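Coordinates in review
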Amino acid sequence: MSSTEGSSRAADKSPRQQVDRLLVGLRWRRLEEPLGFIKVLQWLFAIFAFGSCGSYSGETGATVRCNNEAKDVSSIIVLFGYPFRLNRVQYEMPLCDEDSTSKTMHLMGDFSAPAEFFVTLGIFSFFYTMAALVLYLRFHSLYTENKRFSLVDFCVTVSFTFFWLVAAAAWGKGLTDIKGATRPSSLTAAMSVCHGEEAVCSAGATPSMGLANISVLFGFINFFLWAGNCWFVFKETPWHGQGQDQGQDQGQGPSQESAAEQGAVEKQ
């Protein structure tokens, strides 16, 4: 019994010891440096960006009152959200004819391209920053010794900076078009029953776009974070060291020549 209990205790301790060794090996002080601290901010704001855009849902609506007393007031409520393929969102338009009751309509526009690009970029940024943090905290010596990692990190950082600018601008333009397509006045303008004299249409609830507006703000914040991080990542590359070495060589060259000239003058 004692041997089995000892083996079970050893088996229980081994995963804990592995976790303890992993945590002890992490260099948490790297998070106090700009290279690690900005990566944490990039990781957080990437979550905020794709989370606020991908989880958005709103509703718009209108009311239709037929002049025919046999017809009651009809309320139209249209729900929409990510990925904003509005041309696939259906709603029923009431008809004031005695023979027919309603007609199936669709919202106008397909804005899935900028929205999906924005969310996809946020997800890729989330995974890359998480992998970079593991490299900084656990394998920082490998990152500093092998210059290929810093070069790849710099190239990826520049690429993400450009893509965040494009994604935030494109999603901001797409959101403006979504607001125009989903406002109640656009809904009543698209319904033919509202153009005649047999019905009176009025606007319903205006969709709340607060969360979508915040997602655009998070997109530009990510752009500034990645753009600012380019300098700190560049300092880790051998290109930065070569520039300093060349500057020192150029600084030493004229001083040596001037010293030689001064020695020649003194000899004369």
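Scoring rules and cut-offs
Residues numbered from 1 in each chain as written. Predicted model: local features only at pLDDT ≥ 70, side-chain atom pairs only at ≥ 80, totals over all residues. Heavy atoms only, no water. UniProt positions renumbered as here; feature names shortened; annotations may be inferred. Helix = DSSP H or I, 4+ residues; strand = E, 2+ residues; numbered from the N terminus. Patch = residues over 30% accessible without salt bridge, like charges linked within 9 Å, V, L, I, M, F, W, Y side chains within 5 Å. Areas by Shrake-Rupley, 256 points an atom, 1.4 Å probe, with all protein chains shown as cover. Salt bridge = Lys/Arg side-chain N within 4 Å of Asp/Glu carboxyl O. Disulfide = S-S within 2.5 Å. Pairing = 2+ DSSP bridges. Axes fitted to C-alpha atoms, helices over the stretch in contact; angles between N-to-C directions. Buried < 20%, exposed > 50% of the residue type's maximum accessible area, 1.4 Å probe, protein only. Phe/Tyr/Trp six-rings, centres within 6.5 Å; stacked < 30°, edge-to-face > 60°.

For the protein, an unreviewed UniProt entry supplies the name Synaptophysin-like protein 2 and the organism Callorhinus ursinus. The UniProt entry for the protein carries this comment under Sequence similarities (unreviewed entry): "Belongs to the synaptophysin/synaptobrevin family." Comment text from UniProt for the protein, heading Subcellular location (unreviewed entry), reads "Membrane".

Let us look at unusual backbone geometry. The omega torsion of the bond from Y82 to P83 falls at 10°, within 30 degrees of zero and hence cis. Examined against the element boundaries, P83 turns out to sit in the loop between β2 (74-81) and β3 (90-94). Its identity as a non-glycine residue notwithstanding, F84 has a phi of 65°, on the positive side. Mapping F84 onto the fold places it in the loop between β2 and β3.

A few words on a nonpolar patch on the surface. Taken together, F117, F162, F163 and V166 make up a surface patch of nonpolar side chains, about 360 Å² in accessible area. Looking at the element boundaries, F117 is found in helix α3 (residues 112-138).

Next up on the list: the state of the cysteines. Taken as a whole and judged by the stated rule, the model has two disulfides. Across the disulfide, C194 is cross-linked to C201 (sulfur-sulfur distance 1.9 Å). Between C194 and C201 the sulfur-sulfur dihedral comes to about -90°; the bridge is accordingly left-handed. Numbered by order of appearance in the sequence, the disulfide-linked cysteines of the protein pair as 1-2, 3-4.

Bringing the sheet that holds β2 into the picture now. A sheet is described by the order of its strands in space; here three strands give the open sequence β2-β1-β5, paired in antiparallel fashion. Taken across any chain shown, the strands that pair with only one partner, and hence form the sheet edges, are β2 and β5 (199-203). In this sheet, neighbouring strand axes are inclined to one another by 20° on average, regardless of whether the strands run parallel or antiparallel. Where strand β1 (residues 57-66) lies against β5, five bridges are found, and the strand directions are antiparallel. When the bridges of β5 are listed, T63 appears paired with S202.

With respect to the helices and strands, P184 occurs in helix α6 (residues 184-190). According to the relative accessible area criterion, P184 is buried, its value standing at 5%. Sequence separation between P184 and E59 is 125 residues; the distance between their C-alpha atoms is 9.8 Å.

Attention shifts here to the packing of aromatic side chains. Summed over all chains, the structure comprises 19 aromatic pairs. A centroid spacing of 6.3 Å and a plane angle of 90° characterise the contact between Y82 and F84, whose relative ring orientation is edge-to-face. Taken together, the ring pairs connect Y56, F80, Y82, F84, F118, W164 and W171 into an aromatic cluster.

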